Every structure is written in C-alpha cells, then in structure tokens.
Amino acid sequence: MNATEVKAEQASYWRFIRQMPIVAVEALDEDLLVVSKARQLYVIEVKVSIADMRQDRLKHKHADIRNVLGLPLLDRQRSYHSDPLRYGMVPNYFYFAVPNEIADKAAGIRDKFYPYAGLIRTRLPHGSFLGRSSVILTQAQRIHGNKLGIKTVSHIVKAQSASLANIYGHFA
C-alpha cells in the first residue's frame, strides 16, 4: 500500500465514517488536517515505512507537542517555539496512519518515541467504499483542549482548496 492510497482511505475515514466537517489532505505541510465540529485539530501523519516513522521524531511539531505535554525532548530534537500553543497549529490529537503490513512494528515505534500519538491500521479498501478499512489500534492522547480560532480554520480551508485545485490540474 502506498502513501497516496493510505491518504485516500484516511480522508474518507475521517470525513464519512467519523463525520468530521473539514478534512484537508496535503495542506500546510501535513498529510491530513482534520477539524472537528468543536474546532479541535487532528493531525494524521501517513507513514509507509518504519524508517520514515522513526525519522519523524526530528520534526519540530513533535518537540512542540512534547513541550506542551511536559515530556522531555528526545536526542537531536529542538523546539523553536517558546509558547507552541500560541500559533494554533499544535494539534489537539495526533495520529499515525500506517499500512496493515507494518502496523505491529509501528506500534513499537509509537510506544518508544510518540506516547501521545494514536495509531491507525489501514488496509486496501474492500469494494469501492473508502473509509471502511481503517481501524484505530491506539487512541491518541489529548494534547490540549484549546479550540482553533476562526482565522486558523479559514487558513486550513484555503489550503485544502489549493490542494484540490492542484489535484484537478494534474487530471486536466
């Protein structure tokens, strides 16, 4: 299963199965951004290899999440925000979505580096209905309870419309 297939399955899962009103794919440097009716932000990071999942720990967002939760930073990890919640992009919940083939190994990596992250196993869809082949193996820990501001929600919607325009551009 490749990253595009996992993203398609996840987008359908969060929009149609979980009924989230905003699902943005490939927006603002994230694989998926999901906004709930309560304006809670979910970030879903798609990983199709264990090595890539391990490397993700070096991204600034994980240092920011660890700072918010009061967890120590990992080796070679740096946070660039003294108050990461101020910028509105530290998610309320963070998930990794992985193909079924690496789900067991991914659970070990999650436990070691990302104790706050949820883990979603993704399989190739059965039939033409996307979204029904995802199973949450581990629920994500709530990172904070702040709501997204309207400006941030608008920014996410604009980023999604840019992604849609790019996708249609490739098909035209």
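Data block above holds the structure.
Think of each chain on its own: its residues are numbered from 1, step by step along the sequence as written. The model is predicted, so local features are restricted to residues of pLDDT at least 70 and side-chain atom pairs to those at 80 or more, both for listing and for counting; the totals for chains, interfaces and linings are taken over all residues. Heavy atoms from the whole structure form the basis of all side-chain values; hydrogens and water molecules are not counted.

1. Here's the deal with the packing of aromatic side chains
Two aromatic rings from Phe, Tyr or Trp, using only the six-membered ring of Trp, form a pair when their centres are within 6.5 Å; if the ring planes differ by under 30 degrees the pair is stacked, by over 60 it is edge-to-face, and anything between is tilted. Applying the stated criterion across every chain yields a total of nine aromatic pairs. The ring of Phe 113 carries the charged tip of Arg 57 above its face, separated from the ring centre by 4.7 Å. Only lysine NZ and arginine CZ atoms are considered, and such an atom sits over a ring when it is within 6 Å of the ring centre and within 35 degrees of the ring normal.

2. Section: a nonpolar patch on the surface
Taken together, Leu 164, Ile 167, Tyr 168 and Phe 171 make up a surface patch of nonpolar side chains, about 490 Å² in accessible area. Numbered from the N terminus, helices here are DSSP runs of H or I no shorter than four residues, and strands are runs of E no shorter than two. Within the secondary structure layout, Ile 167 lies in helix 5 (residues 150-171). Patch membership needs two things, relative accessible area over 30% and no salt bridge, and members are linked within 9 Å if like-charged or within 5 Å if nonpolar (Val, Leu, Ile, Met, Phe, Trp, Tyr). For the area figures, the Shrake-Rupley method with a 1.4 Å probe applies, and any residue is considered shielded solely by the protein chains shown. By definition, a salt bridge exists where a carboxyl oxygen of Asp or Glu is found within 4 Å of a side-chain nitrogen of Lys or Arg.

3. A short note on the nonpolar core
Counting 29 residues, the largest nonpolar core has Met 53, Phe 94, Tyr 114 and Ile 156 as the members making the most contacts within it. Within the residue set of this core, elements represented by two or more residues are strand 1 (22-27), strand 2 (30-35), strand 3 (41-46), helix 2 (50-55), strand 4 (93-99), helix 4 (103-113) and helix 5. The contact rule is simple, with two residues in contact once any of their heavy atoms fall within 4.5 Å. Residues within four places of Met 53 in sequence aside, it is in contact with Lys 47, Phe 96, Val 98, Ala 106, Ile 109, Arg 110, Tyr 114 and Leu 119. We define a nonpolar core as any set of buried Ala, Val, Leu, Ile, Met, Phe, Trp, Tyr and Cys residues linked to one another through side-chain atoms lying within 4.5 Å. The classification of residues rests on relative accessible area computed with a 1.4 Å probe and restricted to protein chains. Under 20% of the type maximum is buried, over 50% is exposed, and intermediate values are partly exposed. With 18 residues, the next largest nonpolar core counts Ala 11, Met 20, Val 25 and Ala 97 among its residues.

Spatial relationships are all this shows, so hold off on functional conclusions.
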